[in-house]
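Each chain is listed here by its residues.
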Amino acid sequence: MPRNRSVRVAAIGSPVQRPGSSTQSARLSAVGRRRLVVVVLTVVSLALVTVYFREANGGALHGFQSTGASILRPFEVGAERVARPFRDAASWFGGLTDAKSENAKLKEQIEALRQQIILSQSAVRENTQLKKLLDLREGARFPKDYRAIAARVIARAPSQFEQQIVVSAGKNDGISKHDAVVTADGLIGEVTKVASNVAQVTLLTDETSAVSALDINTNASGIVQHGRSSSSLTLERVTKDQVVHRGDVLVTSGFRSGDLSSLYPRGIPIGAVTSVGQSDTDLYKQIQVDSFVDFSQLEAVIVLVKKPEAK
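1. Points about the overall build of the protein
For step 1, the next point in the chain: Scanning the protein from terminus to terminus reveals two helices and 14 strands.
For step 2, the next point in the chain: Going through the 311 residues of the protein one by one, you find that 28% of them count as buried.
For step 3, the next point in the chain: Put simply, of all contacts in the protein between residues at least 6 apart along the chain, 58% involve residues at least 24 apart.
For step 4, the next point in the chain: Accessible surface, the protein: about 21800 Å² in total, of which carbon and sulfur atoms supply 56%.

2. Some thoughts on the pairing of strand 12 (residues 269–277)
For step 1, the next point in the chain: Where strand 9 (residues 249–252) and strand 12 come together, three bridges link them in antiparallel fashion. Directly across from Val251, in strand 12, lies its bridge partner Pro269.
For step 2, the next point in the chain: Across six bridges, strand 12 lies against strand 13 (residues 286–291) in antiparallel orientation. The residue of strand 13 that forms the bridge with Gly271 is Ser291.

3. Some remarks on the pattern of salt bridges
For step 1, the next point in the chain: Enumeration according to the criterion identifies one salt bridge in this entry.
For step 2, the next point in the chain: In this structure, Glu111 and Arg114 form a salt bridge, with 2.5 Å as the shortest nitrogen-oxygen distance. Placement of the pair is Glu111 and Arg114 together in helix 2 (residues 60–138), with a separation of three residues, close to one helical turn.
For step 3, the next point in the chain: Residue classification places Glu111 among the partly exposed residues on the basis of a relative accessible area of 35%.

4. Here's the deal with the sheet that holds strand 7 (residues 221–226)
For step 1, the next point in the chain: Strand order in the closed barrel formed by six strands is 6-7-8-13-12-9, and the pairing between neighbours is antiparallel. Taken over all neighbouring pairs, the strand axes of this sheet differ in orientation by 40° on average, direction set aside.

5. A look at unusual backbone geometry
For step 1, the next point in the chain: One non-glycine residue with positive phi stands out, namely His178, at about 80°.
For step 2, the next point in the chain: Along the chain, the position of His178 falls in the loop between strand 2 (164–167) and strand 3 (180–182).
For step 3, the next point in the chain: A relative accessible area of 38% means that His178 is categorised as partly exposed.
For step 4, the next point in the chain: Of note in this structure, Asn219 is not a glycine but carries a positive phi near 70°.
For step 5, the next point in the chain: For Asn219, the position within the fold is in the loop between strand 6 (210–215) and strand 7.

6. A closer look at the pairing of strand 8 (residues 233–236)
For step 1, the next point in the chain: Across four bridges, strand 7 lies against strand 8 in antiparallel orientation. Looking at strand 8, one finds that His226 is bridged to Leu233.
For step 2, the next point in the chain: When strand 8 meets strand 13, the two strands line up antiparallel, connected through three bridges. The partner of Thr234 across the bridge, within strand 13, is Gln288.

7. Some details on the sheet that holds strand 3
In sheet architecture, strand pairing relies on hydrogen bonds along the backbone and comes in two forms, parallel and antiparallel.
For step 1, the next point in the chain: Reading around the circumference, 1-2-5-4-3-14 is the order of the six strands in this closed barrel, with antiparallel pairing throughout. This sheet shows a mean twist of 45° between the axes of neighbouring strands, independent of strand direction.
For step 2, the next point in the chain: Pairing of strand 1 (residues 146–156) with strand 14 (residues 300–306) involves seven bridges; the strand directions are antiparallel. Following the sheet pairing, Ile149 is matched in strand 14 by Val303.

8. So, the confidence of the model for the protein
For step 1, the next point in the chain: Model confidence for the protein is summarised by a mean pLDDT of 78, while 69% of its residues fall at 70 or above.
For step 2, the next point in the chain: Across the protein, strand 5 (residues 199–203) holds the top mean pLDDT of 96, while strand 10 (residues 256–257) sits lowest at 60.

9. Observations regarding the environment of Lys285
For step 1, the next point in the chain: Structurally, the position occupied by Lys285 is in the loop between strand 12 and strand 13.
For step 2, the next point in the chain: A C-alpha to C-alpha distance of 8.9 Å links Lys285 and Gln242, two positions 43 residues apart in sequence.
For step 3, the next point in the chain: Discounting residues that sit within four places of it in the chain, Lys285 has contacts with Leu235, Val238, Thr239, Lys240, Gln242, Val276, Gly277 and Gln278.
For step 4, the next point in the chain: Of note is the side chain of Lys285, whose polar atom sits 2.6 Å from the side chain of Gln278.

10. Details of the side chain of Ser209
For step 1, the next point in the chain: Within the fold, Ser209 resides in the loop between strand 5 and strand 6.
For step 2, the next point in the chain: In this structure Ser209 comes out as buried when scored by relative accessible area, which is 7%.
For step 3, the next point in the chain: Engagement of the side chain of Ser209 in a polar contact is seen with the backbone oxygen of Leu203, the distance being 2.7 Å.
For step 4, the next point in the chain: Those residues in contact with Ser209 that lie beyond four places of it in its chain are Thr202, Leu203, Leu204, Val224, Gln225 and His226.

11. Some details on the environment of Ser168
For step 1, the next point in the chain: Mapped onto the fold, Ser168 is located in the loop between strand 2 and strand 3.
For step 2, the next point in the chain: Here the alpha-carbon distance between Ser168 and Ala155, two residues 13 residues apart in the chain, equals 9.2 Å.
For step 3, the next point in the chain: Ignoring any residue separated from it by four or fewer positions in sequence, one finds Ser168 in contact with Ala151, Arg152, Ile154 and Asn197.

12. Thoughts on the nonpolar core
For step 1, the next point in the chain: Grouped together as the largest cluster of nonpolar side chains are 46 residues, with contacts concentrated most on Val224 and Ile270.
For step 2, the next point in the chain: Top element by residues in this core is strand 14. It accounts for six residues.

Parameters at a glance
- Residues numbered from 1 in each chain as written.
- Predicted model: local features only at pLDDT ≥ 70, side-chain atom pairs only at ≥ 80, totals over all residues.
- Heavy atoms only, no water.
- Helix = DSSP H or I, 4+ residues; strand = E, 2+ residues; numbered from the N terminus.
- Buried < 20%, exposed > 50% of the residue type's maximum accessible area, 1.4 Å probe, protein only.
- Contact = heavy atoms within 4.5 Å.
- Areas by Shrake-Rupley, 256 points an atom, 1.4 Å probe, with all protein chains shown as cover.
- Pairing = 2+ DSSP bridges.
- Salt bridge = Lys/Arg side-chain N within 4 Å of Asp/Glu carboxyl O.
- Axes fitted to C-alpha atoms, helices over the stretch in contact; angles between N-to-C directions.
- pLDDT = per-residue confidence, 0-100.
- Polar contact = N/O pair within 3.5 Å; in protein donor to acceptor, adjacent residues only side chain to side chain.
- Core = buried A, V, L, I, M, F, W, Y, C linked by side-chain atoms within 4.5 Å.

Pasting the structure below:
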């Protein structure tokens, strides 16, 4: 026989409490309480602010504020002392960064000014030489049978033993090989190579250069050539019977002998005699010459182009 089992039957319409419903109600109650607390604190805050601004300076709220400030003051001082080194360090690093940036800008400005000064000095020196060249071309001592071609020095030989320069004029300007090259101070040398728009000039200080010269004080003659150093000159082939004194001025002789003639026109200044020596065994005098031209400072020159002879 089956055992009698008690069966619980829920009556229709009777409420059944579920665990989920109970949790949801608790959450709603917590949210409501929090909202209520927020509302209450807001109302209290507004009330306190209103009372604080309406009461006198000696009121209870003002006194409470002062007491609170006095209590918190030591903590503020301590926090200030702790934070000060970090704040100072941050300020120092920031200042250092600004100083480096400012220093870089100043260096750029100084470099730009230095370049500008160099360019200005170069322009002033070049303009001075060009003015001297203009005065030479228009002066009485300019050779009448020649025309002047002004040119800038655009390159120099890389070695001190190669005494050449390159100028900014060439065949298109009428320049030819062996044309004489001068400045307002005196003789430079001769054209040894020429292209369409440029020409190479071999200086008087080169070992291969030579020019017939004349002492305008005593009329002694000889040949000026390269001296012992790269910038010195000597007057060679001066016989012992000729008289040359220290300080005498030498110019190109511009000799003519039949169909032969000097490459250089007569009367171009060369230099001044600095010393005169003579020995019993030598056939010629030993004469040192200082050029009137500073070959290291050449900026502009004049090429003497011979005018065509009238027929």
